[in-house]
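The residues making up each chain are set out below.
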Amino acid sequence: MSESRSTDLSPIEVPSVESHTDTQLHSPSSILSNEPIKLDIEHAVVEDDPRLWSNTKKTAVLFIISGASMFAGLATNIQNPANAQIEQQLHASSGDISLSLSLFVLVQGNFPIIWSAIGEIKGRKLVYLLSIALFIIGSAIVAVSRTIGLLIGMRIVQATGSSAVFAIGAATLADIYEPHQRGTMMGVYYSAPLLGPSLGPIFGGALTQGFSWRAVFWFLVIWGGIIFLAFLFLFKDTFRKERSVTYQNVLNSRLGEQQSLEAKDESRNISESKVDGENKTTSKDIEAQRPIIPSAIKDVKLSMADVNPFPAYLSIVSCKNNLVILIASGLTFAFSFSITYTSARTLSMYYDYDALKTGLVLLVYGVGSIAGSILGGRWSDRTLARLKAANGGVSFPEMRLESTKVAMLWLPLSVIGYAWVCQEQVNIAAVCVMLFLAGFLSIWMYSSTLAYIVDANTGRSSMAVATNSSFRGLFAFIAAEIAVPLQDTIGDGGLYTIWAGMIVVVECMILLVLYKGRKWREASVEREKQTLDAK
C-alpha cells in the first residue's frame, strides 16, 4: 500500500514532476509507456509549484511566518509582569487575571480549526492577513481598556487573531518543503514561538517598569503591524487547490452534483448504465485521488458553506495513530506551559526576584527550547534519511519518531531534578541548568511529533496541525487551572515529580505510535476508502 495519498496521472498530464518523492520512485520505462504514473496528492502538478521556488524565496517565507509565530508566542504571557498593575488600576481580582490568561490559551489553541477551514478554500495569505488584523485590533483595545471585562474580552480577540499562524504556519512549510526537509525547517520555525515564554516576561517587565502596563499591548500593536505589512507585500500564497484533500473532496462533490444535473437536462433517454459510466471519471479512491483539472475548477465556485471543519477534525482524531500522538503532543506542551508559569511564582516567592530577573532566568528555558527545536529537527531529518536508505529508498512517517529515543531517558530525570532543586531552594545556577535541560529535551521530542503529524496527514496538514493546536490549548488550559493549587499544596517537588511520571506516559505513547502507528494508519485509510465507496 502506498504510504501517502496519491493520484494516477497519464504522462501527458505530467510535463514536469519531481522524481525525488519520498514514497514513490518512477522508472523511465513507466514514463515512456502509456501506463499511469502514481503520485501522492502533495506532488500533484500545479502552476508555480512552491516546492520549486528558490531557496531565497523559501527562506523569506520561513522568516515571515516565524516572525508571526513569535508574536503569537509573546502574546501568551507578556502580560504576566504587568498583572499586579492591571489588578490595581482596573480594580480586578486575582481570579479575573487568571481567567484572562487561561481563556487566552484555550481560545488560541482551539480557534485554528476555523482558520484552517478558511485557509483550505481561500488560501493561506488571506487567513494570515485577516487574523493579524484581528490581533492588532484586539491589542489596541486592550491597551485603552478601562474595565477588566473589556480587557478579558479583547484578550480573547487577541487569542483568536494570534492563533492562525500556529495552524497554517506548519502547513505553509509543508507546502514549500519536501518531507525529508521538514524536520529541520519545523525546528527552525517552532523555535520562534518558543522565545515567547522567555522574552515575554523580559519585554513585559521592562515596558511595565519603564512606562505602564498599557505599553505592553502597544508594543504588540506595532509588532503586529510590521508582520501584517510583511505578509501584504512580501508573502506569496503557497496554497494549491490540487494538493488539498479537503478541497478536492468538496470539489468532487460539487462537480458530481453539477454533472448529474447537466446529464438529466441534456437527455432523459440516456440509459442508467451509460450515465454511471460517464460519471465515474473521478475516482473515489482516496489513495488515488485525481486532482480536478483547472478548466473544471473555473466552472465551480466554492464558498465557506462547503467546508465544515468538524468532520475533518473528527476524521483526524478517529485515526488511532493521530489520537495517541496528539495526546502526547498536548501533554508535552502543557508541561512547557506549566513549568514557565509556576517557575515565575517560585522565583518571586522564594528567591525574591523581580519581573526582569525572573524573565532572565526563564530565558534559559527558552534558549534550551530553541536549541532542542533546531537540533532535534535536524536529527529527525537525519534519522528519517538513514532509515529510508536502509529500507530501499522508501520511507513512511513513523520512521521520524525513532529520533525521539535520544531524549527519552534524560527528560524525566531532568524534570525530577528541577522539581527538587526548586523544592529545596538550592542555588539559582542549579535551577537554570535543570530549566535548560527540561526545555531542550522536551522540545527535542515535540519537534519530531509535530513533523510526524504533518507527514502522516498528507493533503490535510493544515487541519492536522490545527487539531494539534486544539489539543495543546485544551491541555494547557487544564494545566494553567490546576498548576497553582497543586504547587501551593504539594510544592514544586510533588508537582513536578507527578509531571515526570506523565512524561514517561508521553514517551510510551510515542513508542506505541512508532511501532504500531503504520498499521493503524493503513487501517484508517482502508476504512475511509470503504466509506467513500459506499456512497
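Residues numbered from 1 in each chain as written. Predicted model: local features only at pLDDT ≥ 70, side-chain atom pairs only at ≥ 80, totals over all residues. Heavy atoms only, no water.

Enquirer: Please provide a residue-by-residue account of the confidence of the model for the chain, values included.
Expert: Of the residues in the chain, 79% reach a pLDDT of 70 or more, and the chain-wide mean stands at 79. Averaged pLDDT values for the elements of the chain fall to 37 in helix H1 (residues 28–32) and rise to 95 in helix H19 (residues 410–423). Below a pLDDT of 50 lies the segment residues 1–39, which in the model reaches 96 contacts outside its immediate sequence neighbourhood of four places, other chains included. In the model, residues 278–297 has pLDDT below 50 throughout and makes 55 contacts with residues more than four positions away in sequence or in other chains. (pLDDT = per-residue confidence, 0-100. Helix = DSSP H or I, 4+ residues; strand = E, 2+ residues; numbered from the N terminus. Contact = heavy atoms within 4.5 Å.)

Enquirer: Account for H19, naming residues and giving values.
Expert: Look at H19: 20 Å from first C-alpha to last across 14 residues, which is about the 20 Å you get at 1.5 Å a residue. Buried within H19 we find Leu411, Pro412, Ser414, Val415, Gly417, Tyr418, Ala419, Val421 and Cys422. (Expected span 1.5 Å × (residues − 1). Buried < 20%, exposed > 50% of the residue type's maximum accessible area, 1.4 Å probe, protein only.)

Enquirer: For the layout of surface pockets, give the residues involved together with the corresponding values.
Expert: If you add up the space inside the second largest pocket, you get close to 1100 Å³. What lines the second largest pocket is a set of 48 residues, and nearest its centre among them are Asn77, Asn80, Thr340, Tyr341 and Ala344. With 10 residues, helix H16 (residues 320–350) is the largest single contributor of residues to the lining of the second largest pocket. Tallied by class, residues from the lining of the second largest pocket come to 25 nonpolar, 18 polar and five charged. (1 Å grid on protein atoms, 1.4 Å probe; cavity = no way out; pocket = protein on both sides within 12 Å on 5 of 7 lines; lining within 4 Å. Points joined across faces, edges and corners; volume = space filled by probe spheres on them. Nonpolar A, V, L, I, M, F, W, Y, C, P; charged D, E, K, R; others polar.)

Enquirer: Outline the state of the cysteines, supporting the account with residue identities and numerical values.
Expert: This structure, assessed with the given rule, holds zero disulfides. With no disulfide of its own, Cys422 has Cys432 as its nearest cysteine by sulfur position, at a separation of 9.8 Å. Exposure remark for Cys422: the relative accessible area of 3% places this residue in the buried category. (Disulfide = S-S within 2.5 Å.)

Enquirer: Explain the environment of Ile65 to me, and be specific about the residues and the numbers.
Expert: Looking at the secondary structure, you find Ile65 in helix H2 (residues 55–77). Among the residues examined, Ile65 registers a relative accessible area of 0% and is labelled buried. Setting aside its immediate chain neighbours within four residues, Ile65 contacts Tyr128, Val165, Gly169, Thr172, Leu173, Tyr189 and Phe231.

Enquirer: If you had to explain the packing of aromatic side chains to someone new, which residues and values would you point to?
Expert: Per the stated rule, a full pass over the model turns up 14 aromatic pairs. Centre to centre, the rings of Tyr128 and Phe235 are 5.4 Å apart; their planes meet at 85 degrees, and the pair counts as edge-to-face. Placement of Tyr128 in helix H6 (residues 124–143) and of Phe235 in the loop between helix H11 (213–234) and helix H12 (245–266) is noted, with a sequence separation of 107 residues between them. Just as Tyr128 is buried, Phe235 falls in that class too. An aromatic cluster is built from Phe335, Tyr418, Tyr496 and Trp499, whose rings are joined through pairwise contacts. We note Arg155 situated over the ring of Phe104; from NZ or CZ to the ring centre the distance is 4.2 Å. (Phe/Tyr/Trp six-rings, centres within 6.5 Å; stacked < 30°, edge-to-face > 60°. Lys NZ or Arg CZ within 6 Å of the ring centre and 35° of its normal.)

Enquirer: Quick rundown of the nonpolar core? Include the residues and the values.
Expert: Burial of nonpolar side chains together is a common tendency in soluble globular proteins. Core analysis: the largest hydrophobic core is formed by 126 residues, its most contacted members being Phe231, Phe335 and Tyr496. Here the element with the most residues in this core is helix H21 (residues 461–534); it accounts for 20 residues. In this structure Phe231 touches Ile64, Ile65, Ala68, Lys125, Tyr128, Leu129 and Ile132, once residues within four positions along its chain are discounted. (Core = buried A, V, L, I, M, F, W, Y, C linked by side-chain atoms within 4.5 Å.)

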